Amino acid sequence: MDSTRNSGEMAIGMPESRSTKAKAAATITATTKATHHPQAGWKRGVAIFDFIIRLCGIAAALAATATMGTTDQTLPFFTQFFQFQASYDDLPAFTFFVIANAIASGYLVLSLPFSIVGIVRPHVVGTRLLLLIFDTVMVALTTAAAASAAAIVYLAHNGNSNTNWLAICQQFSDFCQRISGAVVASFIAAVIFMFLVVLSAVALRRN
């Protein structure tokens with residue numbers, strides 16, 4: 001009798017144990033889902049913001065490239081041997097500026113599909129890490145281009161008596177206005193890239 005009763009209790013206890021484990025597993029799964037859903041929403045919001053910022057970066061980099069690349073001014077007076085003209089390709093710093101910002105704008109256009117992948121699949125780490133690496137490279141490129149061009153713009157406005165560099169902006173006023181605007185747009189693009197790097201780093205840190 002006792003052995004029969006014990007075997008019955010064991011038979012009853014085993015389903016209860018399995019039921020308890022199943023309930024515990026269901027509770028853990030529900031808790032995990034509740035934890036991951038807000039995080040996924042947060043990451044998707046960051047990815048959407050990243051996409052919008054990239055569009056703004058494209059506008060800034062293209063504006064810098066187009067403005068500098070079409071800068072050319074010829075003064076209305078000339079002599080028999082000289083014609084007074086100023087063009088961006090007269091200076092290597094401005095040529096480098098145009099090339100660097102063209103590369104930056106092209107990269108931003110190519111990075112848009114990867115940014116969209118981050119919106120659709122916010123937990124993917126590979127695309128975010130890839131964008132972080134290339135965004136960091138673009139920070140260095142656009143900052144170098146903007147800084148080198150800014151030095152030439154400063155000399156064009158103020159000159160340098162020690163090196164006999166004369167200020168030319170009183171004569172070439174349109175030329176100086178355009179190159180100054182292009183440098184400002186390039187610095188804006190550089191700041192946008194810095195913000196994208198920080199944004200990607202924060203998103204990766206939350207994984």
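Residues numbered from 1 in each chain as written. Predicted model: local features only at pLDDT ≥ 70, side-chain atom pairs only at ≥ 80, totals over all residues. Heavy atoms only, no water.

The protein carries the name CASP-like protein in an unreviewed UniProt entry, which gives Escallonia rubra as its organism. Regarding the protein, the relevant UniProt record gives this comment under Subunit (unreviewed entry): "Homodimer and heterodimers." Regarding the protein, the UniProt comment filed under Sequence similarities (unreviewed entry) reads as follows: "Belongs to the Casparian strip membrane proteins (CASP) family." (UniProt positions renumbered as here; feature names shortened; annotations may be inferred.)

Colleague: Describe the packing of aromatic side chains, with residues and values.
Modeller: Two measures describe an aromatic ring pair: the distance that separates the ring centres and the angle between the ring planes. Within this structure, the stated rule accounts for four aromatic pairs. Centre to centre, the rings of Phe49 and Phe195 are 5.8 Å apart; their planes meet at 80°, and the pair counts as edge-to-face. You can see Phe49 sitting in helix 1 (residues 2–69) and its partner Phe195 sitting in helix 4 (residues 173–205), a full 146 residues away along the chain. Residue Phe49 is classed as partly exposed on the basis of its relative accessible area, which comes to 39%. Members of the aromatic cluster, each reached through a chain of ring pairs, are Tyr107, Phe134 and Phe193. (Phe/Tyr/Trp six-rings, centres within 6.5 Å; stacked < 30°, edge-to-face > 60°. Helix = DSSP H or I, 4+ residues; strand = E, 2+ residues; numbered from the N terminus. Buried < 20%, exposed > 50% of the residue type's maximum accessible area, 1.4 Å probe, protein only.)

Colleague: How would you summarise the environment of Leu129 if you had to cite specific residues and measurements?
Modeller: Take Leu129: it is sitting in helix 3 (residues 126–158). In this structure Leu129 comes out as partly exposed when scored by relative accessible area, which is 42%. Residues Leu129 and Leu204 lie 75 residues apart in sequence; the distance between their C-alpha atoms is 7.5 Å.

Colleague: Summarise the confidence of the model for the protein; cite the residues concerned and give the values.
Modeller: Detail in the predicted coordinates should be disregarded across regions flagged by low pLDDT. Put simply, the protein has an average pLDDT of 78, and 74% of its residues get 70 or more. Highest mean pLDDT in the protein belongs to helix 2 (residues 92–120) (93); lowest belongs to helix 1 (65). Segment residues 1–17: pLDDT under 50, and zero contacts once partners within four positions in sequence are set aside and those in other chains are kept. Note that residues 21–37 has pLDDT below 50 and, in this model, one contact with residues that lie over four places away or in other chains. (pLDDT = per-residue confidence, 0-100. Contact = heavy atoms within 4.5 Å.)

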